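Understanding the architecture of this molecule
Below, each chain spelled out in residue letters.
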Amino acid sequence: MIDEVEEPLLQGPVGLSLNVDRFYSKERPDRGIVATKPGNVFVEGHLYSSVEVDGSKNPALELHYSKVESLTDPIIEKMVLSARSRRVPSLSPTELEIWNHFFFYQQKRVPDFFGEIEDIKNFPARIEEVLASLESEIGRPIPAHLRQQVTDEDAVERIKKDAIVGSLFDPATMVMEVLQARGLVIAVPRREAKSFVLGSNPMARMGTRNGSSLGNPEVELWLPIARDVAITPYGRPGEVQIIVLEDFQVRKVNQGIFSRSTMLASGSRDLIESLRAPR
């Protein structure tokens, strides 16, 4: 199993509309590959709602994402239709900017992304470290009733959720600068029989032999936007290209998504099976 692909796909050898109805969870391998409705894939209620002290949900970020997705939907449709006819879509600077924001959010907004961050995985321990530092600074223990307000289970979950939601509101300046400094490559499989998968961590990271940061010009982040269309930031700023991927390149993208995801979905049972139990 690979965690990242060291060779870049392009520099090596030659809203999302994926129509998925087959689902596999690494956390529930006993269930195997199951049929599901496309709208049920990766559903998690109030995932991006912060939690107020009284327990109520604040949906500000979910509403923000909904607005971004609404703006991006016609751009994705234009990209998909153009790619299928092997035509380069005409994208305005505004459309490219909207796409870059959408691309950034797609990378960070998924649960699996935060599952890879040590501070999130060990959040209770991080709270204890902060409290210990504060006690050292003030020179006395924090009263038990105040400590309980931030260390009981509900409080920890609320603080963690709010920290995650807060970090997602504004794109990181450095990442956005990198995206704006690149063009777009829109790729389709050469053979219609080949398709891309959807993962709970939806991007495949390629070209990591000299570092995995997107600031490394060799690194490619591939995001499928349809069963037969995937996109990566690449090339000169504002430049949009259409390319055709060979079978082994499509396979690399799918392996990259599968390796980083806890859940996988596709319209093809055979494709999921080939990734779940490679020969």
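Residue numbers run consecutively from 1 along every chain, following the written order of its sequence. Local features in this predicted model are restricted to residues of pLDDT 70 or higher, and side-chain atom pairs are both shown and tallied only at a pLDDT of 80 or more, whereas totals for entire chains, interfaces and linings draw on every residue. Only hydrogens and water are set aside when side-chain values are computed; all heavy atoms of the structure are taken into account.

Moving on: the packing of helix H9 (residues 247–260) against helix H10 (residues 269–276). Angles run from 0 to 180 degrees between N-to-C directions of axes, and those axes are lines fitted to C-alpha atoms, restricted for helices to the stretch in contact. A run of H or I in DSSP counts as a helix once it spans at least four residues, and a run of E counts as a strand once it spans at least two, with each numbered from the N terminus. H10 packs onto H9 with a crossing angle of 70° between their chain directions and a minimal axis gap of 10 Å. One way to sum up the angle between H9 and H10 is to call them roughly perpendicular. Note on packing geometry: the crossing formed by H9 with H10 is right-handed. Residue-level inspection shows Arg251, Asn254, Gln255 and Phe258 of H9 in contact with H10, the latter providing Leu271, Ser274, Leu275 and Arg276. Under the scheme applied here, ten amino acids are nonpolar (Ala, Val, Leu, Ile, Met, Phe, Trp, Tyr, Cys and Pro), four are charged (Asp, Glu, Lys and Arg), and all others, including Gly, are polar. In terms of residue class, the contact of H9 with H10 is made up of 3 nonpolar, 3 polar and 2 charged. In this scheme, roughly parallel covers angles under 35 degrees and roughly antiparallel covers those over 145, while 65 to 115 is roughly perpendicular and the rest are oblique. Left-handed describes a crossing in which the near helix is turned anticlockwise from the far one by less than a right angle; the clockwise case is right-handed. In what follows, a contact means two residues having at least one pair of non-hydrogen atoms within 4.5 Å.

The share of residues in the protein chain with pLDDT of 70 or more is 74%, and the mean pLDDT across the chain is 79. Per-residue confidence from the predictor is reported as pLDDT, a score between 0 and 100. Here residues 1–5 scores under 50 on pLDDT; set against residues more than four positions off or in separate chains, the count is 16 contacts.

With 7 of its 7 residues buried, strand E8 (residues 220–226) lies for the most part within the structure. Of the strand pairs in this sheet, strand E7 (residues 204–206) and E8 are connected by 3 bridges, and their pairing is antiparallel. From the neighbouring strand, Met206 faces E8, where its bridge partner is Glu220. Note: E8 against strand E9 (residues 229–233), 3 bridges, orientation antiparallel. Within E9, the residue paired with Leu223 across the bridge is Ile231. At least two bridges found by DSSP between two strands are what make those strands a pair. Linking E8 back to E9 in an antiparallel pair, the connection comprises 2 residues. Here the term buried applies to any residue with accessible area under 20% of the maximum for its type, exposed to any over 50%, and partly exposed to those in between, with areas from a 1.4 Å probe on protein chains only.

Read from one edge to the other, the open sheet built from 5 strands follows the order E7-E8-E9-E5-E10, with strand pairing classed as mixed. Looking at which strands have only one partner, the edges of the open sheet turn out to be E7 and strand E10 (240–245). On average, adjacent strands in this sheet sit at an angle of 30° to one another, irrespective of strand direction.

Before going further, it helps to spend a moment on the environment of Thr151. Along the polypeptide, Thr151 turns up in helix H6 (residues 144–151). For Thr151, a relative accessible area of 28% gives the class partly exposed. Separated by 26 residues in sequence, Thr151 and Ala125 have C-alpha atoms that sit 9.7 Å apart. With near-sequence residues (within four places) excluded, Thr151 lies in contact with Ile127, Glu128, Leu131 and Val156.

Turning next to the sheet that holds strand E6 (residues 198–199). What the 4 strands build is an open sheet, ordered E2-E1-E11-E6; its pairing is antiparallel. Strands with a single pairing partner mark the edges of an open sheet, and in this sheet they are strand E2 (34–35) and E6. Here E6 pairs with strand E11 (residues 263–266) via 2 bridges, running antiparallel. Bridged to Gly199 within E11 is Leu264.

By secondary structure assignment, the location of Pro189 is in strand E5 (residues 184–189). As a C-alpha pair, Pro189 and Arg251 span 62 residues in sequence and 10.0 Å in three-dimensional space. Aside from chain neighbours lying at most four places away, what touches Pro189 is Arg86, Lys194, Phe196, Asp228, Val244, Leu245 and Val250.

What follows is about the side chain of Asp228. In this structure, Asp228 sits in the loop between E8 and E9. Here a polar contact is taken to be a pair of N or O atoms separated by no more than 3.5 Å, where protein atoms must pair a possible hydrogen donor with a possible acceptor and residues adjacent in sequence count only if both atoms sit in side chains. A distance of 2.9 Å separates polar atoms of two side chains, one belonging to Asp228 and the other to Arg84. In this structure, Asp228 is in contact with Arg84, Ala187, Val188, Pro189 and Phe196, ignoring residues within four places of it in sequence.

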